[in-house]
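What the coordinates show
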Amino acid sequence: MLFSLFLIFIRYQVVAIFSCLPMRLLDTETKRFHQVENPRNVSYAILSHVWSPGKEQSYEQCLKIQAGSSEDQEVQLSPKVRMFCDTARQDGYRYAWLDTACIDQTSSAELSEAINSMYDWYRYADVCYAYLADVGLPNNPDPLSEQFRKSAWFMRGWTLQELIAPNFVVFLSADWQVIGTKHTLAAVIEAVTHIDTPILVHQQSLDTVSVAKRMSWASRRKTTKVEDEAYCLMGIFGVHMPAIYGEGSYAFFRLQEEICKNIPDQSIFAWGGVLNRYAPFHFSAVPGPSGRRLPVRRNTAAAEAVGTRRRYIFAPSPESFKDSFDYRAISPGELAKRLMKTEASYPIFTTTPYGLHARLPLVSASSGSVDMPLFLAFLSCVDGDDRLIALLLRGLSPNDEVSRAEYVVGDVGSVEHAEVIQMVDLRSQSVVTLLSSYFRIAKLSPNDLSKASQHISTTDVHTLARPSRAIYNADRDREIRHTLYRSRGPLRLRLTPWSLSMLLARGYCVKPAQRVPKAYVQPVDASETFTLLPGYPLQLTISDSQGSIVLSIGFCSCQHGQESGLLSVAIVGQREVPCQPIERVASVVHERNDPDHVTSWTHHAGCAAKEFVAILPTPDYSERRLQLSLTRGFASTISTSASQADPGCSPYLMLSIEVREARPVFTENAPPVKRPGGNSRTSGTDTTWPLSWLFRGLNI
């Protein structure tokens with residue numbers, strides 16, 4: 001109990017610190033910085049704008065300008081800083097603030113504190129100037145009103161709170177002329193942003209708007225950094241948390257956890273596809289714990305790719321709420337009344353290692369619209385037609401790889417009622433349209449609720465809240481993985497210099513051999529770059545005094561290789577063979593995750609790796625273990641001649657080969673590493689040995 005009170009005290013102290021953070025202002029007359037302890041006691045103007053890459057002046061640059069003579073300041077300051085200060089001074093403001101110049105962004109502590117205080121800084125400003133750099137340009141043929149509607153300012157994440165928080169917002173054109181104010185343009189702004197006018201002009205409190213609707217305001221807005229999708233919304237929800245750049249979309253999961261701690265609004269879980277039912281639900285009581293976990297049906301590849309991100313109770317980004325604009329929260333008493341219960345329960349949501357824990361009204365349901373029985377967890381929120389919203393839950397098998405929770409969100413519905421979605425194809429970077437039959441929520445009419453009421457029971461529920469760090473990292477590396485194991489056209493491959501150096505130093509000879517069309521001239525040196533073409537696999541012979549190993553690397557000739565451009569690697573023997581990329585290449589039952597395909601390799605941090613075993617035809621049948629690794633190549637890792645190759649080819653791949661014998665080969669006077677082409681760190685040799693040399697010859 002005392003510990004809980006202590007945590008509450010600390011939380012309120014953190015909020016108090018952020019609310020009273022000192023503020024660095026610009027003096028509009030001297031153009032010098034001025035520190036104030038409490039911005040509530042100072043009159044100042046504030047700027048809202050869209051950053052122009054490479055044209056914004058930072059805090060350090062402004063400090064250097066201020067250190068010079070006052071005559072040079074007006075010339076050296078950027079037009080935006082100078083015009084903003086002049087506009088504020090002409091309107092009678094001694095002090096002004098803009099984020100680019102007044103925040104020391106080299107200090108992570110100051111940046112985090114500023115992000116947590118920014119909503120209040122805009123709220124307490126006497127006036128906010130919204131500078132629209134793309135409105136009022138002479139070469140724009142659209143009328144001013146149309147330019148205003150299409151301005152990039154309305155599509156940026158940070159400008160959402162900068163529109164809502166201030167009492168007065170004055171919109172300025174590219175030449176710093178007044179377009180109008182938030183009050184005079186309220187109807188147009190509401191049509192563009194879908195934010196109700198009473199919210200814009202502060203006739204209605206922001207707290208009266210559901211979490212889902214507030215999220216929908218940001219669903220079509222973009223930020224330069226993915227973390228800012230969460231940080232720019234902290235003020236909208238009145239929560240505080242440290243800003244940690246580098247955590248990626250995990251920031252948005254943290255934001256939702258903080259919202260759950262501070263706002264009793266279950267519409268935060270109401271996002272994603274709605275089950276379009278053509279058949280009624282059949283309800284029954286929730287079975288005991290042993291009967292809750294039903295087998296998880298494996299979906300098709302397209303639906304599974306979409307569903308993986310949606311099976312968590314927390315959304316991956318604000319974009320998930322794009323269709324939640326008309327959802328509103330209801331009280332626990334209203335929920336109990338709709339479910340025909342006599343007592344209202346006040347659920348507490350707690351994040352645990354087993355997922356999000358809550359007590360929710362639960363009922364077992366089945367329908368012809370879904371492929372298997374599921375559970376409905378009723379939320380205290382309704383849609384615009386006053387229908388109650390329920391989460392679709394599936395029980396997890398105890399043997400499931402994510403069985404730390406009891407349930408995942410969503411189920412597979414009928415393909416006839418699939419949701420039309422758009423995704424980015426990672427290979428072509430083009431937008432493709434898919435049909436997803438993965439749904440997260442259902443909307444129930446009063447008739448549905450009357451049938452379900454006698455079977456509903458309040459149940460402890462553990463649902464997966466967000467992806468584990470391993471799954472999250474794998475999701476972030478998806479584009480890299482696609483580059484590593486598939487390609488639609490010619491692919492360039494090169495051996496990593498360090499692995500080639502190690503092979504040569506240990507007495508191995510690496511010899512490439514490949515038959516290709518005359519249009520492609522292949523190098524004869526293993527240190528150069530090779531072109532992989534469909535039907536023409538690269539063969540690398542790795543030999544020493546004991547024997548040879550031949551690797552075949554290229555596009556697989558199986559059905560999956562021809563359709564998807566899957567890469568495959570295999571040991572084909574102890575000598576070069578005719579142009580046959582892989583054993584079993586003609587097999588029509590060659591699976592996508594066949595051991596020869598790179599898709600079956602282990603992936604970690606942008607690297608695909610696999611260990612191969614080869615037996616040499618020696619009297620003692622010596623064994624060689626080859627560790628092969630594929631990574632993406634970049635311009636900085638490619639030689640000059642390679643970088644001048646055909647730019648239409650796919651990205652480079654870098655292949656690393658490490659050989660480990662099954663017999664000890666430690667020697668007292670091991671030769672130093674000779675690097676290809678005579679390049680070395682010191683006089684043609686390198687006496688610093690990688691750690692892999694210590695394990696050379698150990699059968700581990």
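Below is a summary of the structure that appears in this document. Only a predicted model underlies this, so the values are computations on that prediction, with no experimental measurement involved. (Residues numbered from 1 in each chain as written. Predicted model: local features only at pLDDT ≥ 70, side-chain atom pairs only at ≥ 80, totals over all residues. Heavy atoms only, no water.)

1. Digging into the overall build of the protein chain
Looking only at helices and strands, the protein chain features 23 helices and 30 strands. Across the 700 residues of the protein chain, 50% fall into the buried class. Considering only intrachain contacts with a sequence separation of at least 6, the fraction spanning at least 24 residues in the protein chain is 67%. Accessible surface for the protein chain amounts to roughly 33,100 Å². Of this, 54% is attributable to carbon and sulfur atoms. (Helix = DSSP H or I, 4+ residues; strand = E, 2+ residues; numbered from the N terminus. Buried < 20%, exposed > 50% of the residue type's maximum accessible area, 1.4 Å probe, protein only. Contact = heavy atoms within 4.5 Å. Areas by Shrake-Rupley, 256 points an atom, 1.4 Å probe, with all protein chains shown as cover.)

2. Points about the pairing of strand β28 (residues 607–615)
Relative to β28, strand β27 (residues 602–604) runs antiparallel, the two being bridged by three bridges. Pairing of T602 across the sheet is with A609, part of β28. Here β27 folds back onto β28, and the loop between the two strands holds two residues, one of which, A605, carries a positive phi near 50°. Two elements, β28 and strand β29 (residues 623–632), share nine bridges in a ladder whose sense is antiparallel. Bridge pairing in β29 links A614 to R624. (Pairing = 2+ DSSP bridges.)

3. A word on the packing of aromatic side chains
The tally for this structure, following the rule as stated, stands at 18 aromatic pairs. An angle of 45° between the planes, with centres 5.2 Å apart, marks the rings of F33 and Y59 as tilted. With F33 in strand β2 (residues 33–36) and Y59 in helix α2 (residues 59–67), this pair connects stretches of sequence that are 26 residues apart. Neither residue differs from the other here; F33 and Y59 are each classed as buried. A centroid spacing of 5.2 Å and a plane angle of 85° characterise the contact between W153 and F154, whose relative ring orientation is edge-to-face. Of the two residues, W153 and F154, both sit in the buried class. Grouping aromatic residues by their ring pairs yields a cluster made of F148, W153, F154 and F171. Over the aromatic face of Y59 sits the side chain of R24, whose NZ or CZ is 4.2 Å from the ring centroid. Across the ring face of Y245, the terminal group of K225 is positioned such that the distance to the ring centre comes to 4.5 Å. (Phe/Tyr/Trp six-rings, centres within 6.5 Å; stacked < 30°, edge-to-face > 60°. Lys NZ or Arg CZ within 6 Å of the ring centre and 35° of its normal.)

4. Quick look at the nonpolar core
One finds W97, Y129, F171, L233, L255 and F269 to be the most contacted residues of the largest nonpolar core, which totals 114 residues. Aside from chain neighbours lying at most four places away, what touches F269 is C260, I313, F314, F349, L356, L379, L391, R440 and I441. Of all hydrophobic cores here, the second largest spans 32 residues; its members include L493, F530, I542 and V569. (Core = buried A, V, L, I, M, F, W, Y, C linked by side-chain atoms within 4.5 Å.)

5. A closer look at the environment of L185
Residue placement: L185 occurs in the loop between β7 (178–181) and α9 (186–193). When near neighbours in sequence (up to four residues on either side) are disregarded, L185 contacts F148, F171, I179 and G180.

6. Regarding the sheet that holds β2
Ordered by their spatial adjacency, seven strands build an open sheet running β2-β1-β4-β3-β5-β6-β7, and the pairing between neighbours is mixed. Strands with a single pairing partner mark the edges of an open sheet, and in this sheet they are β2 and β7. In this sheet, neighbouring strand axes are inclined to one another by 35° on average, regardless of whether the strands run parallel or antiparallel. Two strands pair when backbone bridges link them, and strand β1 (residues 23–27) and strand β4 (residues 95–97) are joined in this way by two bridges, in the antiparallel orientation. Bridge pairing in β4 links D27 to Y95. Strands in contact with helix α4 (residues 79–90) are β1, β3 (44–49), β4, β5 (127–131) and β6 (169–172); relative to β3, the strand with the most contacts, it is inclined by about 140°. Contacting β1, β3, β4 and β5, helix α6 (residues 108–124) crosses the sheet at an angle of about 110° to β3. (Axes fitted to C-alpha atoms, helices over the stretch in contact; angles between N-to-C directions.)

7. Details of the environment of G565
Locating G565 in the fold gives a position in the loop between α22 (559–564) and β26 (567–573). Among the residues examined, G565 registers a relative accessible area of 5% and is labelled buried. On a C-alpha basis, the gap between G565 and F555 in space is 6.2 Å, while along the polypeptide they are ten residues apart.

8. Considerations on α2
Of the positions making up α2, those classed as buried are Y59, C62, I65 and Q66. Relative to the axis of α2, the buried residues are bounded by an arc of 120° and lie together on one face. Set apart from the buried face of α2 by more than 90 degrees, the exposed residues are K64 and A67. (Arc of directions from axis to C-beta.)

9. Examining the pattern of salt bridges
With the rule as written, the count across this model stands at 19 salt bridges. Between D120 and R123 there is a salt bridge, with the nearest N and O atoms lying 2.8 Å from each other. Highlighted residues: D120 and R123, both in helix α6, separated by three residues, approximately one helical turn. A salt bridge links E257 to R466; its shortest N-O distance comes to 3.5 Å. Placement of the pair is E257 in helix α14 (residues 250–262) and R466 in the loop between β20 (457–463) and α19 (469–476), with a sequence separation of 209 residues. (Salt bridge = Lys/Arg side-chain N within 4 Å of Asp/Glu carboxyl O.)

10. Overview of empty space enclosed by the protein
Scanning the entire structure with this criterion turns up two cavities of 30 Å³ or more. What the second largest cavity holds in volume is close to 50 Å³. Residue lining of the second largest cavity: I313, F349, L356, A358, L360, A377, L391, L393, V461 and T463, and that is the complete set. At the level of elements, β11 (355–366), β13 (388–395) and β20 are the ones that each hand at least two residues to the lining of the second largest cavity. At three residues, the largest contribution of residues to the lining of the second largest cavity is made by β11. (1 Å grid on protein atoms, 1.4 Å probe; cavity = no way out; pocket = protein on both sides within 12 Å on 5 of 7 lines; lining within 4 Å. Points joined across faces, edges and corners; volume = space filled by probe spheres on them.)

11. Topic: the side chain of Q147
Looking at the secondary structure, you find Q147 in helix α7 (residues 144–149). Classification of Q147 as buried rests on a relative accessible area of 6%. Dropping the residues within four chain positions of it, Q147 is found in contact with D134, V135, G136, L137, N140 and D142.

12. Here we look at unusual backbone geometry
A positive phi angle, close to 60°, is found at K31, a residue other than glycine. By the secondary structure assignment, K31 is in the loop between β1 and β2. Classification of K31 as buried rests on a relative accessible area of 4%. At H194, a position not held by glycine, the phi torsion is positive, near 65°. Here H194 lies in the loop between α9 and α10 (197–200). Residue class for H194 comes out exposed when judged on its relative accessible area of 54%.

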